[in-house]
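Single-letter residue listing:
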Amino acid sequence: MKILVCISHVPDTTSKINFTEGDTKFDTTGVQFVINPNDEFGLTRAMWFKEKQGANVTVINVGGAETEPTLRKALAIGADAAIRVNTAATDGFSVAKQLAHVAKDGGYDLVIAGRESIDYNGGMVPGMIAGLINANFVNNCINLEVDGNKATAIREIDGGKETVSTSLPLVIGGQKGLVEESDLRIPNMRGIMMARQKPLTVLDPVDANNETSSVKFEKPAPKGAVKLVSPDNLDELVSLLHNEAKVI
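The rules behind the values
- Residues numbered from 1 in each chain as written.
- Predicted model: local features only at pLDDT ≥ 70, side-chain atom pairs only at ≥ 80, totals over all residues.
- Heavy atoms only, no water.
- Pairing = 2+ DSSP bridges.
- Helix = DSSP H or I, 4+ residues; strand = E, 2+ residues; numbered from the N terminus.
- Axes fitted to C-alpha atoms, helices over the stretch in contact; angles between N-to-C directions.
- Phe/Tyr/Trp six-rings, centres within 6.5 Å; stacked < 30°, edge-to-face > 60°.
- Lys NZ or Arg CZ within 6 Å of the ring centre and 35° of its normal.
- pLDDT = per-residue confidence, 0-100.
- Buried < 20%, exposed > 50% of the residue type's maximum accessible area, 1.4 Å probe, protein only.
- UniProt positions renumbered as here; feature names shortened; annotations may be inferred.
- Contact = heavy atoms within 4.5 Å.
- Parallel < 35°, antiparallel > 145°, perpendicular 65-115°, else oblique.
- Left-handed = near helix turned anticlockwise from the far one by under 90°.
- Nonpolar A, V, L, I, M, F, W, Y, C, P; charged D, E, K, R; others polar.

An unreviewed UniProt entry lists the chain under the name Electron transfer flavoprotein subunit beta, from Mariniflexile gromovii.

Participant: Just to check I follow, could you spell out the sheet that holds strand 12 (residues 170-174) for this structure?
Facilitator: Working definition: the strands of a sheet are paired by backbone hydrogen bonds and lie parallel or antiparallel to each other. The strand order 11-10-9-12-8-1-6-7-13 describes an open sheet built from nine strands, whose pairing is mixed. Of all the strands in the sheet, the pair left with one neighbour each is strand 11 (160-167) and strand 13 (200-203). Within this sheet the neighbouring strands show an average axis-to-axis angle of 30 degrees, counted without direction.

Participant: Please clarify how the packing of aromatic side chains should be interpreted in this entry.
Facilitator: The geometry of an aromatic ring pair is captured by two quantities: the separation of the ring centres and the angle between the planes. What the rule picks out here adds up to three aromatic pairs. Three or more aromatic residues joined by ring pairs make a cluster, and in this case those are Phe19, Phe26 and Phe217. The residue whose ring lies beneath Lys2 is Tyr108, and the NZ or CZ to ring-centre distance is 4.7 Å. Its end group placed over the ring of Phe49, Arg45 keeps NZ or CZ at 5.5 Å from the ring centre.

Participant: How should the confidence of the model for the chain be read in this particular structure?
Facilitator: Atom-level detail of predicted coordinates should not be read off regions where pLDDT is low. The predicted model of the chain averages 92 in pLDDT, with 100% of residues at 70 or higher. At the low end of the mean pLDDT range in the chain sits strand 4 (residues 25-27), at 85; at the high end sits strand 1 (residues 2-6), at 98.

Participant: Is there a simple way to explain unusual backbone geometry in this structure?
Facilitator: The bulk of non-glycine residues show a negative phi, and the bulk of peptide bonds are trans. Cis rather than trans, the peptide bond between Leu168 and Pro169 has omega equal to 0 degrees. Position of Pro169 relative to the elements: it lies in the loop between strand 11 and strand 12. The phi torsion at Asn140 lies on the positive side, around 50 degrees, for a residue other than glycine. By secondary structure assignment, the location of Asn140 is in strand 9 (residues 136-147). Judged by relative accessible area, which is 21%, Asn140 ranks as partly exposed.

Participant: Sorry if this is basic, but what is going on with the UniProt feature "domain: Electron transfer flavoprotein alpha/beta-subunit N-terminal" (unreviewed entry) in the chain here?
Facilitator: Taken from the UniProt record, the annotation "domain: Electron transfer flavoprotein alpha/beta-subunit N-terminal" (unreviewed entry) applies to residues 23-212. Taken end to end, residues 23-212 is 30% helix and 32% strand, and its first and last C-alpha atoms sit 17 Å apart.

Participant: Any chance you could explain the environment of Val146 here in plain terms?
Facilitator: Among the secondary structure elements, Val146 is positioned in strand 9. Judged by relative accessible area, which is 8%, Val146 ranks as buried. Sequence-distant contacts of Val146, that is, excluding residues within four places in its chain, are made with Met1, Phe49, Gln53, Ala151 and Leu168.

Participant: What's the story with the packing of helix 3 (residues 92-105) against helix 4 (residues 125-133) in this structure? I'm lost.
Facilitator: The relative placement of two packed helices comes down to the angle between their axes together with the axis-to-axis distance. Running from N to C, helix 3 and helix 4 cross one another at 50 degrees; their axes reach a closest spacing of 8 Å. Relative to helix 4, the element helix 3 lies oblique. Crossing of helix 3 against helix 4: the hand is right-handed. Across the interface between the two elements, Gly92, Phe93, Val95, Ala96, Lys97, Leu99, Ala100, Ala103 and Lys104 of helix 3 pack against Val125, Met128, Ile129, Leu132 and Ile133 of helix 4. Of the residues in the contact of helix 3 with helix 4, the class split is 11 nonpolar, one polar and two charged.

Now the structure itself:
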């Protein structure tokens with residue numbers, strides 16, 4: 001089984017976020033980048049398929065040379081090879097088109113993507129990939145088993161879970177639950193050394209127009225001042241909740 005794992009290069013959630021050029025560009029100064037958490041769950045599941053079923057795992061990213069350390073980390077975790085499509089990831093459709101081209105050209109049986117990235121939170125790329133390569137698609141996937149050409153997946157739905165059966169080729173949008181956080185792997189020294197010897201192929205992008213563009217970014221409004229109310233003054237508390245917070 002050939003597995004392609006899509007890896008987004010995203011800011012660490014602890015990084016301080018700022019914008020430049022009139023709030024139209026993301027300021028990368030001092031920002032630490034990591035593997036998108038939803039993609040990391042998918043990568044860890046792919047490692048399970050590699051170890052249990054002998055699958056071959058390739059990771060892929062759409063981005064510039066600055067994303068290669070993130071791909072090298074995925075290689076250190078255990079992926080067999082990496083691909084970087086040399087174009088900026090600025091639009092969901094154009095990214096999906098780049099990934100779909102590689103997935104179809106490489107004859108991959110299973111494409112694992114995160115249901116969304118934590119930078120733009122678009123949640124559109126996995127479904128677009130499936131549509132472009134005419135593959136089955138399961139989103140919000142929290143469990144996946146593959147037996148030959150058949151797959152059984154569990155996906156999260158409103159108020160519960162749904163178990164579906166499908167066949168390969170398959171694209172999934174994975175999330176927490178596909179593996180647990182305790183199953184995530186930290187690269188060890190041996191893995192880091194081996195990653196240096198694994199192939200990282202850089203591909204030219206295919207023609208793909210950006211269908212959307214970011215016009216402006218805006219940070220959330222700062223939290224307001226906190227009012228402390230004595231536990232003996234319930235009338236004031238009720239008044240504040242009713243007149244200011246408007247929750248009662």
